[in-house]
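Structural overview
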Amino acid sequence: MTMNDHVHIDEHRDDEGAKTGMWIFIFTELLLFGGLFIVYSVYRYLNPLAFHLAAHELSTFTGTINTVILLVSSMTIAMSISAIQYKNKKLTLILMGVTLFLAFLFLVNKYFEWSGKISHGIYPGSTILQEASRGEILFFGLYYTMTGLHALHIIIGMAFIGYVMRLVAKDKIQHDNFIILENSGLYWHLVDLIWIFLFPLFYLIT
Amino acid sequence: MEKEQHPHIVRYRTYVYVLIALLFMTLTSVAVTHIYLGPYTVATALLLATLKSTLVLLIFMHLKFDKKFYSYMVAGVFLLLTSVIIITFLDYLYR
Amino acid sequence: MSETVLQHNQVSYLEYQGRFKGLFAWIFSTDHKRIGLLYLYSMLVLFSVAATLGLLMKIELIAPGKTIMDAQTYNSFFTLHGITMIFLIVVPGLPAVFGNFFLPIMIGAKDVAFPKLNLLSWWIYILGALVVLSSQFIGDGPPDTGWTFYAPYSFRTGTNMLPAVTGAFILGFSSIATGLNFIVTIHRMRAPGMAWMKMPLFPWALYGTAWIQVLATPIVGVTLLMIVLERTLQIGFFDPALGGDPILYQHLFWIYSHPAVYIMILPAMGVISEIIPTFARKTIFGYKAIVVSTLAIAFVGYFVWGHHMFTSGMSGTALYTFSILTFLVAIPSAIKIFNWVATLHKASIDIQTPFLWALCFLFVFMIGGLSGMVLGALSANVHLHDTAFVVAHFHFIVFGGTGFAFFGALHYWYPKMFGRMYDKGWANIGLAIFFTGFNTLYLPMFYLGMIGMPRRYYDYVEEFHGPNIVSSFGAMLMIAGLIIIITNLIRSARKGEIAEADPWKGKTLEWSIASPPTLENFDEIPVVTKQPYDYE
Ligand code: HEM
Ligand SMILES: [Cu+2]
């Protein structure tokens, strides 16, 4: 870093600007998934029956559990922001910890779901899929890509929240200076938001 | 640069209510799949998903308490994505 | 601390010594001006490479049959030429170089909102460039799909597609980082008194551009990702054998890439809107109309992508819709032309090099835009699609529009950036040769396209020979002009006369500060009370 860093940067702390930046970043993420949603809707329109059949392979139960997990984790991270504003550091950390734990549970579920599919021979390029109808190939391609990309975002979100937790623990984030916590929360809700759409599109179209 | 503080603290209770509403809608959308609604199945599922995401955006993501400008941006982005999907479908629907 | 403050106010950003010395003082600098120059130098190198490729292709086309290279080499040349010119030069070009340098200054700020992110965007840019270039040297030979990576060829070809596609994907992040930074900067950091409607037009153009960068780039990002996944993991997306629809790839690609052409042209229009009032010594005609048309272009530009796909087999409804929307998007562009011309009306014009660039811009941009209208008409398009006509169209617009504006901006802001003036005589001679070469190169291609010469072939039938000779000759002339222009600029950076703070008598904020600017641009943040082009 050059000299000018500390002249420029800590001179203006602009929370509102940081938040605007985070929102814009969130828009880019939404549109990234947006591209995949376009692909999904086109192929679903072209292969309604195959998508319907293929969705039977997915367990609504696992999907629902994961939805519940994410919704609860979204609540806990949102609450942690109130907690820091109430100057309750301990509760903030607990709520964030719970969020991380739930995120981890989500991934465990996802792991078992994916490995179940793979052990049944359903994965891109597998012999079973190669013999399946084209719609089914597309469905599972999209399933793996979209849930995979989503899981990647979960991991990034966990890293982000973990980093912010350290800042809270070291009192770098406090009741009057918590924009990073707010931004990590926004990111986490984005992950939730995407799942809210993935869930019906993959698990509920049976 | 003006330094806005965040005067608004959302109460824990509010979040709990929102969560209950979200869980309720989730279970409804699962339940609905077991009833035969024909083409409306997807529509119902998507409608509920939209309602859920609106709640998340407004309360969890604080749009309701932030400057209006954020809500406009979010609305704009969703409008853009919807328009792009609709225009893409001008091809597929009429091919 | 007070000592350093004193120092900041006196030393120019070029001489300022930070914690690092030499090269590191540049590549780790978060100063928006240094980052702008980093981009400028990187682009100069890449541009030379890509322009050389272009010249070699034109030499190949000087006669039918094989002249200096075989078909496969030609294919890889136009691919690398296209990828470099589009993703590495004209898309980032004006925002990354002049936006970085002048946006904060023109709105009266000390830097952009996120200086570190800004530096990161340059590093990502370099990484992306290296990955793209690596495709030439590793693996199974240079990619040969063209910059459009059309499916299904892009995952069938045996060539080294992955680095090219991955590189373009990486570059997207750089573009998004710049756009995000500019939006927040414009929202949050305008000087006191600078209301939205007092903002100069170049920042306005960057604002529209930044929104496109942010909202369109992710779509191409995920599309390129799908190509990668399809190639590596055989996940079906666009391969008909796996149930995919290759036309959907084209939709997704152009959903980004048409808005991307506005990423290229909007800032160019912004530059012209700065140059014209300065040399006309007059307030710009119809400031509001220009602002509104900038935003209108950014918006409507999202919904016309299908005009690249008129012959792909889309539905009739889609064809008509896209054609109508394409004609609509030309209206705001035309509005700007009228505004610029009206500004010149009855002005006492000071004819200087940047102004001449702006005039040349108007000329070529009109030809480019009007040829776009021809292509936007369905019936004409069926005949002209994928011919040399299209190549001529977009070179008139992209090279003629964005490229001319880039050089215009360079000649306009050069004294501010380097504190020295270039040799105006050589600059004008260079421009004259370049402009003549440019038209000699691309005008015949309109004709060639109309008589049926397809694009992206290394060979042609004898009938096309005459115009091709003219065109190839024009290419050499144009490159000669470029060499003069660039040499003159490089030489003058050391040897040119010392420039005044306001050599052109401009009125926007950048002319109110020292040349070259000090580290923090302003000793004191200015308070804005007037309209940006206040000449009365
Ligand atoms: C006046 C408004 C414009 C209209 C009506 C227009 C129309 C068109 C049409 C219809 C095509 C497709 C031709 C074909 O492939 O058959 C096209 C291609 C192209 N246009 Fe434009 N255009 C306009 C402005 C621009 C601008 C401002 C730029 C960039 C700065 C641009 C860059 C391009 C490029 C790069 C291509 C070719 C892409 C490729 O196939 O490789 N155009 N234009
Ligand atoms: Cu276009």
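Computed from a prediction, not measured in an experiment: that's the story for all the values here.

Attention now goes to the coordination of the copper ion (ligand 2). All names here are of chain C. Protein ligation of the copper ion (ligand 2) involves His258 (ND1), His307 (NE2) and His308 (NE2), the donor distances falling in the range 1.8 to 2.0 Å. Read in sequence order, the donor residues coordinating the copper ion (ligand 2) give the pattern H-x48-H-H. The metal-metal distance between the copper ion (ligand 2) and the iron atom of ligand 1 is 4.4 Å. Here His258, found in helix H10 (residues 246-280), pairs with His307, found in the loop between helix H11 (287-300) and helix H12 (316-344); they are 49 residues apart in sequence, far enough to count as distant. Its relative accessible area of 14% is what places His307 among the buried residues.

Under the UniProt annotation, "domain: Cytochrome oxidase subunit I profile" (unreviewed entry) lies at residues 20-529 of chain C. As a span, residues 20-529 of chain C carries 69% helix and 1% strand, and end to end its C-alpha atoms are 39 Å apart.

With 17 residues of chain B in contact, the opposing surface of chain C contributes 21 residues. Around 1600 Å² of area is buried between chain B and chain C when both sides are counted, 72% of it from carbon and sulfur atoms. Summed over the shared surface of chain B and chain C, the result is one salt bridge. With a closest N to O distance of 3.4 Å, Arg95 of chain B and Asp245 of chain C form a salt bridge. Our count for the chain B to chain C interface comes out at six residue pairs in polar contact (both at pLDDT 80 or more). Grouping the amino acids of the side of chain B that touches chain C by side-chain chemistry returns ten nonpolar, two polar and five charged.

Turning our eyes to something else, we now look at the site of ligand 1. Residue and element names in this part refer to chain C. Near ligand 1 there are 21 residues, and of these Asn381, His385, His393, Ile397 and Arg455 occur at the shortest range. In the model, an oxygen atom of ligand 1 is placed 2.9 Å from a nitrogen or oxygen of the Asn381 side chain. Within the side chain of Arg455, an N or O atom sits 2.8 Å from an oxygen atom of ligand 1. Looking at the shell around ligand 1, the elements with two or more residues in it are H10, helix H13 (353-376) and helix H15 (388-418). Among the residues making up the shell around ligand 1, the classes are represented as eleven nonpolar, nine polar and one charged.

Attention now goes to helix H8 (residues 179-203) of chain A. Taking 1.5 Å as the rise per residue, H8 of chain A with 25 residues should run 36 Å; its terminal C-alpha atoms sit 36 Å apart, in good agreement. The buried fraction of H8 of chain A is high, at 24 of 25 residues.

With respect to protein ligation, the iron atom of ligand 1 binds only His393 of chain C (NE2), at 2.2 Å. Within the secondary structure, His393 of chain C sits in helix H15.

Contacts between chain B and chain A engage 48 residues on the former and 48 residues on the latter. Of the roughly 4500 Å² buried where chain B meets chain A, counting both sides, 76% is carbon and sulfur surface. Summed over the shared surface of chain B and chain A, the number is one salt bridge. Residues Asp66 of chain B and Lys19 of chain A are paired through a salt bridge, measuring 2.6 Å at the closest nitrogen-oxygen approach. If you look at where chain B meets chain A, you find five residue pairs in polar contact (both at pLDDT 80 or more). Of all the secondary structure elements, the ones that give two or more residues to the side of chain B that touches chain A are helix H1 (12-33), helix H2 (40-60) and helix H3 (68-93) of chain B. The element that contributes the greatest number of residues to the side of chain B that touches chain A is H3 of chain B, accounting for 13 residues. Residues belonging to the side of chain B that touches chain A are distributed by class as follows: 32 nonpolar, ten polar and six charged.

About the thresholds
Residues numbered from 1 in each chain as written. Chains lettered and ligands numbered in written order. Predicted model: local features only at pLDDT ≥ 70, side-chain atom pairs only at ≥ 80, totals over all residues. Heavy atoms only, no water. Donors = N, O, S within 2.8 Å, 3.2 Å for Na, K, Ca; no water. Helix = DSSP H or I, 4+ residues; strand = E, 2+ residues; numbered from the N terminus. Buried < 20%, exposed > 50% of the residue type's maximum accessible area, 1.4 Å probe, protein only. UniProt positions renumbered as here; feature names shortened; annotations may be inferred. Contact = heavy atoms within 4.5 Å. Buried area = accessible area lost by both parts, 1.4 Å probe. Salt bridge = Lys/Arg side-chain N within 4 Å of Asp/Glu carboxyl O. Polar contact = N/O pair within 3.5 Å; in protein donor to acceptor, adjacent residues only side chain to side chain. Nonpolar A, V, L, I, M, F, W, Y, C, P; charged D, E, K, R; others polar. Near = heavy atom within 4 Å. Expected span 1.5 Å × (residues − 1).

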